[in-house]
Amino acid sequence: MKNKGKETPLSTPHTKGGLQLTLVLTTLSASFGSAFQYGYNISVINTPHKVFKSFYNDTYFERYGNFMDENSLLLLWSCTVSMFPLGGLLGSLLVGLMVNKWGRKGTLLINNVFAITSAILMGVSKVARAFELIILSRVLVGICAGISYSTLPMYLGELAPKNLRGTLGTMTEVFVIIGILLAQIFSLQSVLGNDTGWPILLALTGVPALIQLLSLPFFPESPRYTLIEKGDEETARQALRRLRGCNYDVEAEMEEMRVEEHKEQAEGHLSVLNLFTFRPLRWQLISIIVLMAGQQLSGINAVNYYADIIYTSAGVDPIQSQYVIVGSGVINLVMTVISAYAVERLGRRILLLSGYGICGSACLVLTVALLLQSTVPELSYLGIICVFTYIVGHSIGPSPIPSVVRTEIVLQSSRTAALTVDGTVHWLSNFIVGLTFPSIQVAIGAYSFLIFATLCLLTGAYIYVVIPETKGKTFVEINCSFAKRNGVEFSEEKEVTMAEPHTPSLPTKQTSF
């Protein structure tokens, strides 16, 4: 029998990291001030859309002496909705520059400027009688959401111990859903979704930004960023001690990070352009694009942006639809929290596959229900059930899990570039859905959901064939599992000598583009 006392493989688990108070508070501060903005601003203009359209029309009448026609009003409203994902697209293009210069935590803090500025502009838009301020603010808060949606998963994934990476990774989506739910509650006509309350409703987006500005500076920067990109071992070690507690084997995790860094020294920091031609990451990049495009093109934000219209077409009384929307938000949050609990027990693949299967099936049945409800009125209830079922399916897999997987399948040197591509695909897909769904629904009606069903099933098929299970694996091990498909050798090194001097990753190719 071989003596194994001299060598400990990286695959042997370290002392498992627990939910230390510092780790919990850091996650709460980072997530509430970042992912919350995304969810809140997706949903906040949904329920009171008639109030906003009335403000647009009244303002137009005051200026020009006549009201807009229906087509012009629909176009202006579609523009208002789609400016948010357009801003998100712009924000995602800034991420690479920002996280490399200011770090993960620093980027999140600077990003709050966009949220606070947009909150002020939206809050005064009624007094200024300028609906253009709302449209401009939707771009600014979209930039905020675009930066945070790429930076936050990177930050949380690098803060978390291996055994909690999935759970913390899903916090991005959990707080997106919390934002959606609170926006749905505040948007009720009896709360702020009325003629007098809507400026406050829009301005509330500045509150999480202020809370993050006051709290996040007290918490550590990503240890991986500090060690691998800044070369500061002592600061990284101190951050790990705060995040992991006194009983955790900090040096073992430091060693794991050195192995990851050692793998990356030959390639340096890849730019976005280099990433598209870098063979060892070909299938990881394709997988990120498919995951993020599939998440958005499967139709979830068509439901978020236009839920009120969908429920009305499914037979819900327009006055009652706002309460149905809140109910769907509660279901969304509950199922996302369940997914956060299950991701480290069941794994990533099973949640993604089951989620897309449920979503695709729900869209197919919803199409039939909407087509036949005029002849069989009872089918309107089936339509509502299908929408709720779709939300359940998306909440357990397609919504939360890509935030975990997209961070796990690339190493530190390529993570910034990969998440820039990820954010671009995510927001471009979001923009396309927000801008085109109303017109598609007018043109083909219920058949629009067949498009979503097809995309759900195609995305699920890709995941089944290509994406491996990443639960419980190190970043290096996950990249090893892609090596054969990429047609390259990626030997997993088991040990890096502790006495080996630290050398930061080579500065070659250190551009975001």
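Preceding this paragraph is the structure being described.
This write-up is about the structure you can find in this document. (Residues numbered from 1 in each chain as written. Predicted model: local features only at pLDDT ≥ 70, side-chain atom pairs only at ≥ 80, totals over all residues. Heavy atoms only, no water.)

### Here we look at helix H21 (residues 448-466)
- The end-to-end C-alpha separation of H21 is 28 Å, in line with the 27 Å expected for 19 residues at 1.5 Å each.
- If you check which residues of H21 are buried, you get Ser448, Phe449, Phe452, Ala453, Cys456, Thr459, Gly460, Tyr462, Ile463 and Val466. (Helix = DSSP H or I, 4+ residues; strand = E, 2+ residues; numbered from the N terminus. Expected span 1.5 Å × (residues − 1). Buried < 20%, exposed > 50% of the residue type's maximum accessible area, 1.4 Å probe, protein only.)

### Things to note about the side chain of serine 150
- Positionally, serine 150 belongs in helix H5 (residues 131-159).
- A relative accessible area of 0% places serine 150 in the buried class.
- The contacts of serine 150, once residues within four sequence positions are left out, are Val95, Arg406, Leu419, Asp422 and Gly423. (Contact = heavy atoms within 4.5 Å.)

### A short note on the environment of tryptophan 102
- Relative to the helices and strands, tryptophan 102 resides in helix H4 (residues 70-128).
- Here tryptophan 102 falls in the partly exposed class, since its relative accessible area comes to 41%.

### Thoughts on the packing of helix H14 (residues 282-297) against helix H22 (residues 475-486)
- H22 packs onto H14 with a crossing angle of 105 degrees between their chain directions and a minimal axis gap of 8 Å. Our classification of the angle between H14 and H22 gives roughly perpendicular. Two secondary-structure elements touch here, H14 through Arg282, Trp283, Gln284 and Ser287 and H22 through Asn479, Phe482, Arg485 and Asn486.
- Of the residues belonging to the contact of H14 with H22, the class tally is two nonpolar, four polar and two charged. (Axes fitted to C-alpha atoms, helices over the stretch in contact; angles between N-to-C directions. Parallel < 35°, antiparallel > 145°, perpendicular 65-115°, else oblique. Nonpolar A, V, L, I, M, F, W, Y, C, P; charged D, E, K, R; others polar.)

### Details of the side chain of threonine 367
- With respect to the helices and strands, the residue threonine 367 is situated in helix H17 (residues 348-372).
- Threonine 367 sits in the buried class, given a relative accessible area of 3%.
- For threonine 367, the residues in contact, after removing those within four places along its chain, are Ala446, Tyr447, Phe449 and Leu450.

### Description of the packing of helix H2 (residues 35-43) against helix H7 (residues 171-186)
- Direction vectors running N to C along H2 and H7 enclose 40 degrees, while the axes themselves pass 7 Å from each other. Regarding H2 and H7, the two cross each other, and that crossing is right-handed. Here Ala35, Phe36, Tyr38, Gly39, Tyr40 and Ser43 of H2 lie close against H7, whose contacting residues are Thr172, Phe175, Val176, Ile178, Gly179, Ile180, Leu182, Ala183, Gln184 and Phe186.
- A per-class count over the contact of H2 with H7 returns 11 nonpolar, five polar and no charged. (Left-handed = near helix turned anticlockwise from the far one by under 90°.)

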